Amino acid sequence: MKSLSIWLALLAAPILSISASAHHSHAMFDTSKRIAISGTVMKFEFTNPHSWLKVVNEADGELWSFETGAPSQLLRKGVKLSTFPPGMKVTVRAFPLRDGRAGGEAVNVTLADGSVVSIEPEGYNPTATPGAAP
Amino acid sequence: MSGTAWRGRVALTAGAAIVAMALPLSSFAQTADFSESLAAYQDMKAHPKNKPLPANKLPDWSGVWTGSPDYLPYYRLGADGKLTVRISTRNNFASSKQAAPLSPEYEAKAIKVLQDRVKGIDWDYVSNCIPAGFPRWTVSHYLKEFAITPSMVWLLNEEQSEVRRVYTDGRGHTPRDEAYPLYEGDSIGFWDGDTLVVHTIDNKEGTWDRSAAAYSDQVNTVERIRKVSNDVIEDQMTVYDKLALTKPWNVTFQFTRVKEPADLRIRMYSCNENNNVVQDEKGNSHHVLPGETGYKDPESRTEAAPSPAK
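Conventions adopted
Position labels on residues start from 1 in each chain and follow its written sequence. A letter from A marks each chain and a number from 1 marks each ligand, given out in the order of writing. Where local features are concerned, this predicted model is filtered to residues with pLDDT of at least 70; where side-chain atom pairs are given and counted, the filter is 80 or more; whole-chain, interface and lining totals use all residues. A helix here means a DSSP run of H or I that spans at least four residues, while a strand means a run of E at least two residues long, and both kinds are numbered starting from the N terminus. Here a residue counts as buried when 20 or more other C-beta atoms sit within 10 Å of its C-beta, as exposed when there are 12 or fewer, and as partly exposed otherwise, the C-beta atoms being derived from the backbone. Working definition of a contact: two residues with C-beta atoms, positioned from the backbone, lying within 7 Å. These domain limits were set by an automatic method or by a database of domain assignments. Residues are grouped as follows: nonpolar covers Ala, Val, Leu, Ile, Met, Phe, Trp, Tyr, Cys and Pro; charged covers Asp, Glu, Lys and Arg; every other residue, Gly included, is treated as polar. What makes two strands pair is DSSP finding at least two bridges between them.

Undergrad: I keep staring at the overall build of chain A and nothing clicks. Help me out?
TA: Each helix and strand counted, chain A has one helix and seven strands in total. When its helices and strands are written in sequence order, chain A yields β-β-β-β-α-β-β-β. Considering chain A as a whole, with its 134 residues, one finds that 49% of them fall into the buried category.

Given below as structure tokens:
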């Protein structure tokens, strides 16, 4: 995975700093790291309880699944079904799954024109203190 | 076995059966003490602060709103393993005493939650796609609507389509021999001017949030809910819980109007329809990805989804 770049996060609060915006825990994501996957949108599943952005990694053809918020949360950020049409070239930055499988929680998406769509998880607080809830 | 002994055993068995049948009702209905909160509610009703509004001039709380868990006091473990710091980004608790006064038992539960989180174990009942319930309802991130009629107010949550029904037609609570714990409890209310006063009992036990303190099925509340500005509805709540708290807890929550997009609407959904999160053997949350056993494809929702693999 040539395009897989891991950022050593400068964020102070990794695992416990995500607010409970979802029906499930975020603990399966390693929020001390970020990955960047460049590829082609296979599908944007605009659905509840979470929408998913499916991207084929241009480096090796592997399918990556990125969780995003519920549609009502995305709409409040201006993200619609048409934001990520199939075939679109994107770079997704995300908190990776801890177990190394091809998935993560999307933070933002860079489009081909260089614009960045923020889909940062709601309640994400980079200044929170480890050990504190969100 | 003598006749006397046999008859005695029958009598004991019958008695035990009667007790067993009575237990599910008595264990809840006879121990849920809401007399203190009811007295406070009745006092507010007897001594209103505001002039009554005509039924056709009740407040307008239309629009789409959202809550936030940021009004809660959150905890962290101190170096000594105790809950030493209480944090809230939206409520300025002047001291730790103003944060929820947890009983020793429920403080121990809160510590356990944080200890488990450090281990990566972070699963709660909402993870199972069941309702958050009240009072957790209040701090849900999801969208909310408030529908007011002269006889009833509906407090609607996008999450799990959770509806709080507040009867304002003068009726009392559900009779005790018909009551049992409910996700949203049993609510009655009245209007004190433009303030909706609500008394809620018969709740299920739960937690304020996945990583916050818990409350018991003894929890009951009095709320004073008022639209304090065009974009803010405020909920001043007193929480009574003789198991979880050492004394009643006064806390204020707010719901803020969602302005963008202006035409945002709440859409009903089922949490479990495409839910691909299961609990693993360690108790943590685990995503089932496409191609893995148990994956629910959002585009195949007309088919019965297989049980998620654990």
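Still to come is the rest of the account.
Undergrad: Can you walk me through the overall build of chain B in this structure?
TA: Along its length, chain B carries three helices and 15 strands. Per-residue burial over chain B gives 36% buried out of 310 residues. Put simply, of all contacts in chain B between residues at least 6 apart along the chain, 55% involve residues at least 24 apart.

Undergrad: Mind showing me how you'd approach the domain arrangement of chain B here?
TA: Accessible area lost upon the coming together of the parts is a frequently used measure of interface size. Residue and element names in this part refer to chain B. Domains assigned within chain B are domain 1 (35-257) and domain 2 (272-310). In this structure, domain 1 and domain 2 have C-alpha centres spaced 32 Å apart. Tallying the contact residues gives six residues for domain 1 and eight residues for domain 2.

Undergrad: What should I look at first to understand the interface of chain B and chain A in this one?
TA: Taken together, the 39 residues of chain B in the interface contact 29 residues of chain A. Within the residue set of the side of chain B that touches chain A, elements represented by two or more residues are strand S2 (74-77), helix H3 (104-118) and strand S15 (285-287) of chain B. Ranked by residues supplied to the side of chain B that touches chain A, first place goes to S2(B) with four residues. Here the side of chain B that touches chain A is composed, by residue class, of 20 nonpolar, 10 polar and nine charged.

Undergrad: Would you explain the sheet that holds strand S8 (residues 195-201) of chain B in this entry?
TA: Consider a sheet: its strands pair through backbone hydrogen bonds, and that pairing is either parallel or antiparallel. Residues and elements named next belong to chain B. The sheet built from nine strands closes into a barrel, its strands ordered S1-S4-S5-S6-S7-S8-S11-S12-S13 with mixed pairing. Bridge analysis of strand S12 (residues 232-240) against strand S13 (residues 249-257) gives eight bridges, and the strand direction is antiparallel. Of the residues in S13, the one forming a bridge with methionine 237 is valine 251.

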